[in-house]
Amino acid sequence: MAKEALRDAKSVESTENKLEAVQEQAPKKGRKDAQESIYSVSELADNAGKLFGTRQECVVTALKAAGKMECTVSDAKKIVSIFLKREVE
């Protein structure tokens, strides 16, 4: 059980590191980012199929692992994409 918790903590940490790297590489869009709306995790999860092409559970888990309670759609797409592409141990 302790090994599972350690493995989960490492995977969350690596997901966060990958997300930070993507955010650093993304060019600043200036005013567009300021105009983008912020949504709660539940709002994003309710539209998981339309926005991300995946199930609600995946969106909730990805955002929870990234430590997000609310974010923009574009940020959520990046987080969910990284989450879905990560290697299963």
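Asker: Please clarify how the packing of helix 5 (residues 56-65) against helix 6 (residues 73-85) should be interpreted in this entry.
Answerer: How two helices sit against one another is set out by the angle between their axes and by the gap between those axes. Where helix 5 meets helix 6, the closest approach of the two axes is 9 Å, and the angle between their N-to-C directions is 100°. By the angle class used here, helix 5 and helix 6 are roughly perpendicular. On the side of helix 5, the interface is formed by Cys 58, Val 59, Thr 61, Ala 62 and Leu 63, while helix 6 contributes Ala 76, Ile 79, Val 80, Phe 83 and Leu 84.

Asker: Sorry if this is basic, but what is going on with the pattern of salt bridges here?
Answerer: Should the charged atoms of two oppositely charged side chains come close, the side chains can pair. Summed over all chains, the structure comprises one salt bridge. Close ionic contact of Glu 57 with Arg 55 constitutes a salt bridge, the shortest N to O distance being 3.7 Å. When its relative accessible area of 57% is taken as the criterion, Arg 55 is described as exposed.

Asker: What is the right way to read the side chain of Thr 54 from this model?
Answerer: Counting through the fold element by element, Thr 54 comes out in the loop between helix 4 (48-52) and helix 5. Among the residues examined, Thr 54 registers a relative accessible area of 16% and is labelled buried. Leave out the neighbours within four places in its chain, and Thr 54 touches Ala 48, Gly 49, Val 59, Val 80 and Leu 84.

The rules behind these values
Residues numbered from 1 in each chain as written. Predicted model: local features only at pLDDT ≥ 70, side-chain atom pairs only at ≥ 80, totals over all residues. Heavy atoms only, no water. Axes fitted to C-alpha atoms, helices over the stretch in contact; angles between N-to-C directions. Helix = DSSP H or I, 4+ residues; strand = E, 2+ residues; numbered from the N terminus. Parallel < 35°, antiparallel > 145°, perpendicular 65-115°, else oblique. Contact = heavy atoms within 4.5 Å. Salt bridge = Lys/Arg side-chain N within 4 Å of Asp/Glu carboxyl O. Buried < 20%, exposed > 50% of the residue type's maximum accessible area, 1.4 Å probe, protein only.

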